[in-house]
Amino acid sequence: MPEHTAPSIALPPDPVIEAYKKDIDRTLLRETLKLTPAQRLQRLQDVVQTMAILRGAARRKA
Amino acid sequence: MTSFEQLLRSLAQARVDFIVVGGIAGGLHGAARTTYDLDVVYARDAQNLARLVGALGPLDPYLRGAPPGLPFRWDTDTLVRGLNFTLTTSAGDIDLLGEVTGGGPYENLLPHTIEVEAFGITCRCVTLPKLIALKRATGRPRDFDAIAELEVLLEEQRRGESKAND
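A. The arrangement of the overall build of chain B in detail. The secondary structure content of chain B amounts to seven helices and nine strands. Its C-alpha atoms give chain B a radius of gyration of 16 Å, within 12% of the compact-globule value 15 Å for 166 residues. If one aligns the C-alpha atoms of chain B with their principal axes, the spans along those axes are about 60 × 35 × 30 Å. Across chain B, the fraction of contacts at a sequence separation of at least 24, relative to all contacts at a separation of at least 6, is 62%. In the form shown here, chain B has an accessible surface area of approximately 7,200 Å², with 49% of it arising from carbon and sulfur atoms. Of the side-chain charges in chain B, 17 are positive and 22 negative, and the distance between the mean point of each set is 2 Å.

Next up, the structure:
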């Protein structure tokens, strides 16, 4: 999403965060960046729905 | 289960002035992390509080985690007396934030937002750099992984933009 009008923010590197970055799966993020915001939100909604179904199933089995 | 669509639609249809922050803002920008609630910063003027009460009233909001039976009135007086509310509703969980650490109230955050459309609803979402700044400002260790993901996301976005400009 382009941010043409928002004021720019300086984000100096934080050594702790830099260490965490090594474990981030960039390929996954590149895929989500190909989606529209609407598609990304729909995907999040689908995940939440799936998790709810799985949790329900796990509770019934217990 | 939280229905982000229903919550956003309720707020948008009532013309509530709000800004999406938190995990859903990250998701709208492309973060892959899952979240189970909707976090919004809302304007605290009297008219907006009335719109907010009207928007969420039909969803039976109640304080999340509070013991059942604890008296809770969903009205403008309650909103005036409080600031940040963690609520559960019939459409799922929503956090209403009068202010956020590092971002202040709605009016301060507004310049750092963009319009996004999802589910046919247009709403305002905090920009990715500001979202990172907000997360950094909280300083919570449990956010380190999320901040790292958002920063990598920003790098990837900028990489994509500079490639497109070549």
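B. Region of interest: the nonpolar core. Counting residues in hydrophobic clusters, the biggest one holds 60 residues, and the most contacted among them are Leu11(B), Val20(B), Leu38(B) and Leu96(B). When near neighbours in sequence (up to four residues on either side) are disregarded, Leu96(B) contacts Val40(B), Tyr42(B), Leu52(B), Leu56(B), Trp74(B), Leu83(B), Asn84(B), Phe85(B) and Leu87(B).

C. Looking closely at the packing of aromatic side chains. All names here are of chain B. Scanning all chains against the criterion turns up three aromatic pairs over all chains. Taken together, a centroid distance of 6.2 Å and an interplanar angle of 90° make the contact between Tyr 62 and Phe 72 edge-to-face. Taken together, the residues span a long stretch of sequence, with Tyr 62 in strand E3 (residues 62–63) and Phe 72 in the loop between E3 and helix H4 (76–81) at a distance of ten residues. Looking at Phe 72, the relative accessible area reads 19%, which means it is buried. Centroid distance Phe 72 to Trp 74: 6.5 Å. Interplanar angle 40°. Geometry classified as tilted.

D. Highlighting the pairing of strand E9 (residues 121–126) of chain B. Residue and element names in this part refer to chain B. Bridging between strand E1 (residues 18–21) and E9 involves two bridges; their strand directions are parallel. Bridge pairing in E9 places Val 20 opposite Cys 125. With six bridges connecting them, strand E8 (residues 113–118) and E9 associate as antiparallel partners. Pairing of Ile 114 across the sheet is with Cys 125, part of E9. The antiparallel hairpin formed by E8 and E9 contains two residues in its connecting segment, where Phe 119 sits at a positive phi of about 55°.

E. Representation of the interface of chain B and chain A within the structure. Each partner contributes residues to the interface: chain B has 44 residues there, and chain A has 35 residues. With both chains or domains summed, chain B and chain A bury close to 3,600 Å², and 69% of this area falls on carbon and sulfur atoms. When the area that chain B buries against chain A is broken down by residue, the three leading residues are Met1(B), Tyr36(B) and Arg136(B), summing to 15%. Across the chain B-chain A interface, the total number found is five salt bridges. Glu156(B) is the partner of Arg26(A) in a salt bridge, and the nearest nitrogen-oxygen pair spans 2.8 Å. Counting every contact that joins chain B to chain A gives eleven residue pairs in polar contact (both at pLDDT 80 or more).

Rules behind the numbers
Residues numbered from 1 in each chain as written. Chains lettered and ligands numbered in written order. Predicted model: local features only at pLDDT ≥ 70, side-chain atom pairs only at ≥ 80, totals over all residues. Heavy atoms only, no water. Helix = DSSP H or I, 4+ residues; strand = E, 2+ residues; numbered from the N terminus. Rg over C-alpha atoms; globule rule 2.2 N^0.38 Å. Contact = heavy atoms within 4.5 Å. Areas by Shrake-Rupley, 256 points an atom, 1.4 Å probe, with all protein chains shown as cover. Lys, Arg positive; Asp, Glu negative; His and termini not counted. Charge placed at Lys NZ, Arg CZ, Asp CG, Glu CD. Core = buried A, V, L, I, M, F, W, Y, C linked by side-chain atoms within 4.5 Å. Buried < 20%, exposed > 50% of the residue type's maximum accessible area, 1.4 Å probe, protein only. Phe/Tyr/Trp six-rings, centres within 6.5 Å; stacked < 30°, edge-to-face > 60°. Pairing = 2+ DSSP bridges. Buried area = accessible area lost by both parts, 1.4 Å probe. Salt bridge = Lys/Arg side-chain N within 4 Å of Asp/Glu carboxyl O. Polar contact = N/O pair within 3.5 Å; in protein donor to acceptor, adjacent residues only side chain to side chain.

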